[in-house]
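A closer look at the structure
What follows is the residue order along each chain.
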Amino acid sequence: KMDYLSIQNNCLCGNITDEEARVLMEKTMKLAQIEKNYQKQIKQLPDGRWWIRLEGKVIKKKSIESVYEEIYKTQNQKVELALVSVAEKWLKIRQATRAAGTWSKDFRFIKNYLKGSPLEHMKIDKIVYSNTVEWGKWCLKKNPKMKEKYFKNIKGELSRLFEFALKEGIISVNPAKDLSLHTDNFIPPTKHEDTDLIFSDEEKDNVKKLIFDEAEKTRDTVCLGLVLLFNTGIRDGELNELRWKDIENDSYLHIQRELVEDHDPETNKLCGYKVVDHCKSKAGNRRIPLNLEALKVLELQKQLSIENGYLVGKDDLIFRRDRKEKGLQCNTRCYEPRIKRFCRLANMDVLKSQHDIRRTFCTNMYYSGVPLKNLQKLMGHSSLKQTMDYIKFKEDDKDELLEYLNMI
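Bear in mind the structure is a predicted one, so any value in this text is a computation, not a measurement.

Moving on, we get to the packing of aromatic side chains. The tally for this structure, following the rule as stated, stands at seven aromatic pairs. Ring geometry for F109 against W135: centres 6.4 Å apart, planes inclined by 70 degrees, an arrangement best described as edge-to-face. One end of the pair, F109, is in helix α5 (residues 100–113); the other, W135, is in helix α6 (residues 129–142), with 26 residues separating them in the sequence. With a relative accessible area of 0%, W135 lands in the buried category. An aromatic cluster is built from F109, W135, F151 and F186, whose rings are joined through pairwise contacts. Stacked on the ring of W244, the Lys or Arg K302 has its end atom at 4.8 Å from the ring centre.

Quick look at a nonpolar patch on the surface now. Among the surface-exposed residues, Y366, Y367, F393, L401, L402, Y404, L405, M407 and I408 lie close enough to one another that they form a single nonpolar patch of about 980 Å² accessible area. Sort the elements by how many residues they give to the nonpolar patch and helix α16 (residues 397–407) lands first, with five residues. In this fold, F393 is placed in the loop between α15 (384–390) and α16.

Before going further, it helps to spend a moment on α6. Working note: α-helix, 3.6 residues per turn, so residues spaced by three or four point in the same direction. End to end, α6 covers 20 Å across 14 residues, agreeing with the expected 20 Å (1.5 Å per residue, within 8%). If you check which residues of α6 are buried, you get N131, T132, V133, W135, G136, C139 and L140. Where the residues of α6 are buried, they touch α5 and α7 (148–167).

If you check which residues of helix α12 (residues 335–345) are buried, you get Y335, I339, F342 and C343. What you see down the axis of α12 is that its buried residues fit within an arc of 105 degrees, all on one side. Of the surrounding secondary structure, the elements contacted by the buried residues of α12 are α8 (201–218), α9 (224–232), α10 (236–240) and α13 (354–367). One or two positions beyond α12, positive phi appears at N347, with a value near 60 degrees.

The subject of this paragraph is the sheet that holds strand β3 (residues 57–61). Here three strands make up an open sheet; going across it, the order is β1-β2-β3 and the pairing antiparallel. For this open sheet the edge positions go to β1 (43–44) and β3, each flanked by a neighbour on one side alone. Pairing of strand β2 (residues 50–54) with β3, which is carried by five bridges, proceeds in the antiparallel orientation. Bridging across to β3, W50 finds its partner in K61.

Turning our attention to the nonpolar core. Counting residues in hydrophobic clusters, the biggest one holds 46 residues, and the most contacted among them are V207, L224 and L228. At the level of secondary structure, the elements contributing two or more residues to this core comprise α8, α9, β5 (252–255), α11 (292–307), α12, α13 and α14 (372–379). Here this core gets six residues from one element, more than from any other, and that element is α9. One finds V86, W103, L114 and L161 within the second-largest nonpolar core, a separate group that totals 32 residues.

Pairs may arise between side chains of opposite charge once their charged atoms sit close together. Taken as a whole and assessed by the stated rule, the structure comprises 22 salt bridges. With a shortest N-O distance of 3.6 Å, R219 and E216 are connected by a salt bridge. What makes E216 exposed here is its relative accessible area of 52%. The salt bridge partner of D315 is K245, with a shortest N-O separation of 2.8 Å. Of the two residues, D315 is situated in the loop between α11 and β9 (320–321) and K245 in the loop between α10 and β4 (247–248); the sequence distance between them amounts to 70 residues. Because the salt bridges share partners, they merge into one network encompassing E216, R219 and E307.

The backbone of N249 sits at a positive phi, close to 55 degrees, despite the residue not being glycine. For N249, the location among the structural elements is in the loop between β4 and β5. Residue N347 is not a glycine yet carries a positive backbone phi of 60 degrees. Topologically, N347 is positioned in the loop between α12 and α13.

Looking now at the side chain of N364. Inspection of the secondary structure assignment puts N364 in helix α13. Accessibility expressed as a relative area gives 15% for N364, which makes it buried. Those residues in contact with N364, other than ones at most four positions away along the chain, are D201, K204 and K394.

Rules used throughout
- Residues numbered from 1 in each chain as written.
- Predicted model: local features only at pLDDT ≥ 70, side-chain atom pairs only at ≥ 80, totals over all residues.
- Heavy atoms only, no water.
- Phe/Tyr/Trp six-rings, centres within 6.5 Å; stacked < 30°, edge-to-face > 60°.
- Helix = DSSP H or I, 4+ residues; strand = E, 2+ residues; numbered from the N terminus.
- Buried < 20%, exposed > 50% of the residue type's maximum accessible area, 1.4 Å probe, protein only.
- Lys NZ or Arg CZ within 6 Å of the ring centre and 35° of its normal.
- Patch = residues over 30% accessible without salt bridge, like charges linked within 9 Å, V, L, I, M, F, W, Y side chains within 5 Å.
- Areas by Shrake-Rupley, 256 points an atom, 1.4 Å probe, with all protein chains shown as cover.
- Salt bridge = Lys/Arg side-chain N within 4 Å of Asp/Glu carboxyl O.
- Expected span 1.5 Å × (residues − 1).
- Contact = heavy atoms within 4.5 Å.
- Arc of directions from axis to C-beta.
- Pairing = 2+ DSSP bridges.
- Core = buried A, V, L, I, M, F, W, Y, C linked by side-chain atoms within 4.5 Å.

Printed below as a string of structure tokens:
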């Protein structure tokens, strides 16, 4: 029989770890509570054994302590099989196998759409399709302005949780696999014209001119990164981690690492950034040919960096932000405010984003005649479908489409 003193002594002597001691202490407390709650209900049979009927199940043991142990196992197993308990195990696995951004979405899903829901404390092996439908209705009550696309995302999180339980052998079927609610339950999606998601040739030229003018006037070492994005289509995290050694023979830009957001696993709050020595996917490691404008940007950037006192050795960063004269590394928050400001200065009707530059690059390359497989490689996409999603309809195509229609 365990007691607190013996657990503490074993821990101090090094026979058990602090974590093992904590688990044993917790178990001891639970067993003491079980003894208090059930000792009057446990009866002794003529043959000397002890028994109790618990939730329709008869427990018979040689000693009353063994009955307490069996009750503890039954209750503990019930807690472990609760969906929220399985979710916590799943979250730990996801933290070790997924990027910080993906794990952050998992964390928010459990916090916002699992805890407090009808499914939270249900035994996972008892959950059926109708329970997931009720969960979907609960989500709509919690967020009445939900769009169908957003619901599909959180439904996907729930389905991945059940898939984890399948792999662990806890359940035999995924009850959320075919979950769907009628479209009428959701507010209509925001309609974006393709032209709202890419820069027109005129907008692109105006914005780039403003950027060059500002670099010349303020000697800013950040804004030129936006021009490089227009000419390479790389991701902002890849841009932040570019080093001078990544320029090969003044001809290619070797993309091989990126800067990503870092999260505190306890609070799930952004706690800065970290460098990973790989790209978003295997396809992200690529070499991008440098055109004349890209070479001009890099040459001007080196000149500005030297003027500002930044090192320009092979291992030094290409783009730095001048903060209290420290020349800190740029991050994803450096570019978005700048591109919005340049859009305003260019009197654009729709303020475009940094990611719209990447879409613009992909669309322009496609209309210039670059084969899709080559374009996929240039963009660093794992699938051709991703590349196709980036290609948008240009305003100039309307006249061309009319010509095709007239031909038939």
